[in-house]
Amino acid sequence: MDTLLLLPGLLCDASVWAPQVKDLKDMCDVRAYPNFFGHDSLEGMARAVLETAPARFHLCGHSMGGRVAFEVYRLAPKRVQSLILLDTGVDAAQPGETEKRGSLVELGRREGMAAVATAWLPPMVHPGRLGDAAFMGALTEMVCRATPEDFAKQQHALLMRRDVTALLATISSPTLVGCGAEDLWSPLSVHEQIAAAIPGAHLVSIPDSGHMVSVEAPDALNAALRDWLAHLR
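Structural notes, computed from the coordinates. (Residues numbered from 1 in each chain as written. Predicted model: local features only at pLDDT ≥ 70, side-chain atom pairs only at ≥ 80, totals over all residues. Heavy atoms only, no water.)

Structural notes on the packing of aromatic side chains
The following threshold applies: We call Phe, Tyr and Trp rings a pair once their centres come within 6.5 Å, taking the six-membered ring for Trp, and we label the pair stacked below 30 degrees between planes, edge-to-face above 60, and tilted otherwise. For the exposure calls, accessible area comes from a 1.4 Å probe over protein chains only, and a residue counts as buried if that area is under 20% of its type's maximum, exposed if over 50%, partly exposed in between.
By the definition in use, this model includes 1 aromatic pair. Their ring planes at 20 degrees and their centres at 4.8 Å tell us that Y33 and F36 sit as a pair that is stacked. Given the relative accessible area of 18%, Y33 is considered buried.

So this is what it looks like as structure tokens:
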């Protein structure tokens, strides 16, 4: 049975992949990577993934996890059966980004991770979900499982990220690019450009979802992933 590795994003852990692990287990061996706490570089995260990964695998990364997936591919392209990139990006750090990320890090150190969750989470989800106390509470609990130092290291990793635009044209693994249709953090237009640059890539837009697509629209995402995995057989 093929293996599907799921890589979480900034401040996320395996809990964001619970719907996919449950729904896709009949198609493949689904493994959600626990978290990237303790790492301060995307390459270091990628090497950690490769250390525990099987010889060949389908690789799905969300947000920062998508950037880690690019690093995994750069390091070991022949091990990646297919690539799934969700709500992510390819650029290096932009002007003003250091200050924005740094202010959140300082907020975490000063007031704790619950304060980070209050400031950081709302732009990450569809506005219609902000009033869902159970949904937002679960995401807040996840953020609070990280420490301010974990957060600082992950933000450092993102600020030091490389621009991988040139990598896109060299990707030979079958690739699916997906995005929440209402993602305000990394919009659909970015993913249209990514898909256009990767030879033969497929693009899927997930309706009624913001950035946190795996938990915001699990049924729609799972259907897209099932179609993708079936297409590759």
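Remarks on the pairing of strand β6 (residues 202-206)
The cut-off we apply is this: Following DSSP output, two strands are said to pair if at least two bridges run between them. Where helices and strands are cited, they refer to DSSP runs of H or I of at least four residues and of E of at least two residues respectively, numbered from the N terminus. When the strands point away from the viewer, a crossover counts as right-handed if the path from the first strand over the helix to the second runs clockwise.
As defined by bridge partners, strand β5 (residues 175-180) adjoins β6 across 5 bridges and the pair is classed as parallel. Within β6, the residue paired with C179 across the bridge is S205. One crossover worth recording links β5 to the parallel β6 by way of helix α9 (residues 188-197), and it is right-handed.

Details of the layout of surface pockets
Rules: Buriedness of a pocket was judged along seven lines, with at least five required to meet protein on both sides within 12 Å; pockets are open sets of points on a 1 Å grid over the protein atoms alone, cavities are sets where a 1.4 Å probe fits but cannot get out, and lining residues have an atom within 4 Å of a point. Grid points are joined across faces, edges and corners, and a volume is the space filled by probe spheres set on the points. Residues are grouped as follows: Ala, Val, Leu, Ile, Met, Phe, Trp, Tyr, Cys and Pro are nonpolar; Asp, Glu, Lys and Arg are charged; all remaining types, including Gly, are polar.
The volume enclosed by the largest pocket comes to roughly 500 Å³. Residue lining of the largest pocket: 25 residues in total, with R67, E97, R101, R161 and W185 positioned closest to the centre. Looking at which element gives the most residues to the lining of the largest pocket, the answer is helix α4 (residues 97-111), with 4 residues. Residue classes in the lining of the largest pocket are distributed as 10 nonpolar, 8 polar and 7 charged.

Things to note about the sheet that holds strand β4 (residues 80-86)
Going by this rule: Every axis in this analysis is a line fitted to C-alpha atoms, fitted for helices over the stretch in contact. Angles between the N-to-C directions lie between 0 and 180 degrees. Between two residues, a contact is recorded if the distance between any of their heavy atoms is within 4.5 Å.
Strand order in the open sheet made by the 6 strands is β2-β1-β3-β4-β5-β6, with parallel pairing throughout. Among the strands making up the open sheet, the edge pair consists of β2 (29-32) and β6. Sheet twist, expressed as the average angle between the axes of neighbouring strands with direction ignored, equals 20 degrees. Pairing of β4 with β5 involves 4 bridges; the strand directions are parallel. Each residue of the ladder has a partner; that of L83, found in β5, is T175. Lying on the sheet, α9 is in contact with β4, β5 and β6; it crosses β5 at an angle near 170 degrees.

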